[in-house]
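Summary of structural features
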Amino acid sequence: MTMMNVGCQFVVTICIFCIVTHGFVGPIARGSNIRPSFLVPSSLKAGDCEFDYALIFDCDGVIIETEELHRLAYNAAFQAADLQIDQKPVEWTVEYYDVLQNTVGGGKGKMFYHFRNVTGAFPMSGIKAAPTTPEEEQALVDDLQAHKTELYKDLIKAKAVPRPGVIELMDEAIADPKIAVGVCSASTKAAVTKVLDVTLGEERRNKLNVCILGDDVSKLKPDPLIYVTAAKRLNIDPNRCVVIEDSIVGLKAAKGAGMKCLITYTSSTEREDFYSLGADAKVSELGSRGVKLDSIFGPLRENINAEILVGLKDN
């Protein structure tokens, strides 16, 4: 065997190792195609990776206030399936959904939690008996989620409006070549893609350095996996990442991944005690508070553990 063949086999072996152990991910550098992801060393320095910092947005409740649209879509799907427990229709009230969204991440997770932990029973669907096996339970939830997503996409198309200041802050970050920009959402790919298409537009969405959705990870928020995965794909120290979230579930995921977290609360989450769970800052919205890129990353450039949004955040 020639030295050239040996060298080629070595390269192929290394490539296969990288694919098996790390996988391949979508665009990292704006305008690039495919790059491998790597484990993020705890001692990673800014100079070791392409970006100095990362700004990562949740979708629902951050880019757009969608929680009420989600609730309406769930109830419409429940009604269409004629779901009943003890001859009473399954319906989620505004007050109950506020609790649910701050307890469980992901739509299927919410339904499983509701039927297993709250009602203690799965519903009948019309004249069809309630599921009696885990496989039947999964099939019912899968069908409900699929129909709910289609109903939700119709609502988004008709009513989606970005929260004030979000697009401006995202554009400011995209324009900075040393700051990675991403979206991490526990919602399904079909639902989030529709939201991003309507609110961000295709051109801006294509400039994101990372986009990880509920279908892409095995565990959903409050588990930190989605944000840990984002840091690995960006090859950046999690301590240099700032996440914008709106709920306790999202805050726990961000802090569990070792990232800083800015909360933009909504009417559904404004009563939560975010600071007691480690939030680095909270504001009612980005636009009215005048949150700019420098108010987030300016202090961090001086000291990575510095306070952010000084003079802008809620006490």
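Our structure's up above, just so we're on the same page.
The paragraphs below set out a description of the structure included in this document. The shown structure was predicted, so the numbers you read here are calculated from the model rather than taken from an experiment. (Residues numbered from 1 in each chain as written. Predicted model: local features only at pLDDT ≥ 70, side-chain atom pairs only at ≥ 80, totals over all residues. Heavy atoms only, no water.)

Now for the overall build of the chain. Scanning the chain from terminus to terminus reveals 11 helices and 11 strands. Looking at the chain as a whole, 47% of its 315 residues are labelled buried. Considering only contacts within the chain whose residues lie at least 6 apart along the sequence, 68% involve residues at least 24 apart. (Helix = DSSP H or I, 4+ residues; strand = E, 2+ residues; numbered from the N terminus. Buried < 20%, exposed > 50% of the residue type's maximum accessible area, 1.4 Å probe, protein only. Contact = heavy atoms within 4.5 Å.)

On to the pairing of strand 9 (residues 241-245). On a regular strand, each side chain points to the face opposite its neighbour's, so the side chains alternate between the two faces of the sheet. For strand 9, a buried count of five out of five residues is recorded, marking the element as mostly surrounded by other parts of the structure. Of the two faces of strand 9, the one carrying Cys241, Val243 and Glu245 and the one carrying Val242 and Ile244 are both buried. Here strand 3 (residues 53-57) pairs with strand 9 via four bridges, running parallel. What sits directly across from isoleucine 56, in strand 9, is valine 243. Judged from the four bridges that link them, strand 9 and strand 10 (residues 260-264) form a sheet pairing that is parallel. Looking at the pairing, valine 243 lines up with cysteine 261 of strand 10. Between the parallel pair strand 9 and strand 10, the chain is carried across by helix 10 (residues 248-256), and the sense of this crossover is right-handed. (Pairing = 2+ DSSP bridges. Right-handed = clockwise from strand over helix to strand, strands pointing away.)

Our next topic: the layout of surface pockets. One number sums up the size of the largest pocket: a volume of about 390 Å³. In terms of lining, the largest pocket is formed by 29 residues, of which the most central are Gly105, Gly106, Gly107, Ala186 and Ser187. Those elements that place two or more of their residues in the lining of the largest pocket are helix 2 (67-80), helix 3 (94-101), helix 4 (107-118), helix 5 (134-159) and helix 10. Partitioned by chemical class, the residues of the lining of the largest pocket number seven nonpolar, 12 polar and 10 charged. (1 Å grid on protein atoms, 1.4 Å probe; cavity = no way out; pocket = protein on both sides within 12 Å on 5 of 7 lines; lining within 4 Å. Points joined across faces, edges and corners; volume = space filled by probe spheres on them. Nonpolar A, V, L, I, M, F, W, Y, C, P; charged D, E, K, R; others polar.)

The next thing to look at is the packing of aromatic side chains. Counted according to the given criterion, the structure contains nine aromatic pairs. Pairing tyrosine 74 with tyrosine 97 gives two aromatic rings, centres 6.4 Å apart and planes at 40°, and the pair type is tilted. Of this pair, tyrosine 74 sits in helix 2 while tyrosine 97 sits in helix 3; the two residues are 23 residues apart in sequence, bridging distant segments of the chain. As far as the burial class goes, tyrosine 74 and tyrosine 97 line up, both buried. (Phe/Tyr/Trp six-rings, centres within 6.5 Å; stacked < 30°, edge-to-face > 60°.)

One finds Leu55, Phe57, Leu169, Ile296 and Phe297 to be the most contacted residues of the largest nonpolar core, which totals 41 residues. Residue contributions to this core peak at six residues, all from helix 6 (residues 166-174). In contact with phenylalanine 57, not counting residues within four places along its chain, are Val62, Ile63, Val166, Leu169, Met170, Val181, Gly182, Val183, Cys184 and Ile244. (Core = buried A, V, L, I, M, F, W, Y, C linked by side-chain atoms within 4.5 Å.)

This brings us to the sheet that holds strand 11 (residues 281-283). Taken together, six strands build an open sheet; the order of strands is 8-7-3-9-10-11 and the sheet is parallel. Both edges of this open sheet fall to strand 8 (210-212) and strand 11, since each of them pairs with a single strand only. Taking the axes of each pair of neighbouring strands and ignoring which way they run, one obtains an average angle of 20° across the sheet. Each of strand 3, strand 7 (179-184) and strand 9 touches helix 6; the most contacted strand, strand 3, lies at about 155° to it. (Axes fitted to C-alpha atoms, helices over the stretch in contact; angles between N-to-C directions.)

Let us look at the pattern of salt bridges. As enumerated under the stated definition, the model contains 16 salt bridges in all. In this structure, aspartate 216 engages lysine 189 in a salt bridge whose closest nitrogen and oxygen atoms are separated by 3.4 Å. Of this pair, aspartate 216 sits in the loop between strand 8 and helix 9 (225-234) while lysine 189 is found in helix 7 (residues 189-199), placing the two residues 27 residues apart along the sequence. According to the relative accessible area criterion, aspartate 216 is partly exposed, its value standing at 32%. Residue classification places lysine 189 among the partly exposed residues on the basis of a relative accessible area of 39%. In this structure, glutamate 307 engages lysine 313 in a salt bridge whose closest nitrogen and oxygen atoms are separated by 2.8 Å. According to the relative accessible area criterion, glutamate 307 is partly exposed, its value standing at 47%. Where salt bridges share partners, they join Asp58, Lys221 and Glu245 into one cluster. (Salt bridge = Lys/Arg side-chain N within 4 Å of Asp/Glu carboxyl O.)

Now for the packing of helix 6 against helix 11 (residues 293-302). As a packed pair, helix 6 and helix 11 sit with axes 10 Å apart at the nearest point and diverge in direction by 45°. The orientation of helix 6 with respect to helix 11, classified from their angle, is oblique. Note on element contacts: helix 11 touches helix 6 through Leu293, Asp294 and Ile296, opposite Leu169, Glu172 and Ala173. Each residue belonging to the contact of helix 6 with helix 11 can be placed in one class, and the counts come to four nonpolar, no polar and two charged. (Parallel < 35°, antiparallel > 145°, perpendicular 65-115°, else oblique.)

Looking now at the sheet that holds strand 6 (residues 124-125). One open sheet holds the three strands; their spatial order is 5-4-6, and the pairing between them is antiparallel. Both outer strands of the open sheet, strand 5 (88-89) and strand 6, are each paired with one neighbouring strand and no more. One ladder, built from two bridges, connects strand 4 (residues 83-85) with strand 5; its direction is antiparallel. Its bridge partner lying in strand 5, glutamine 84 is registered against proline 89.

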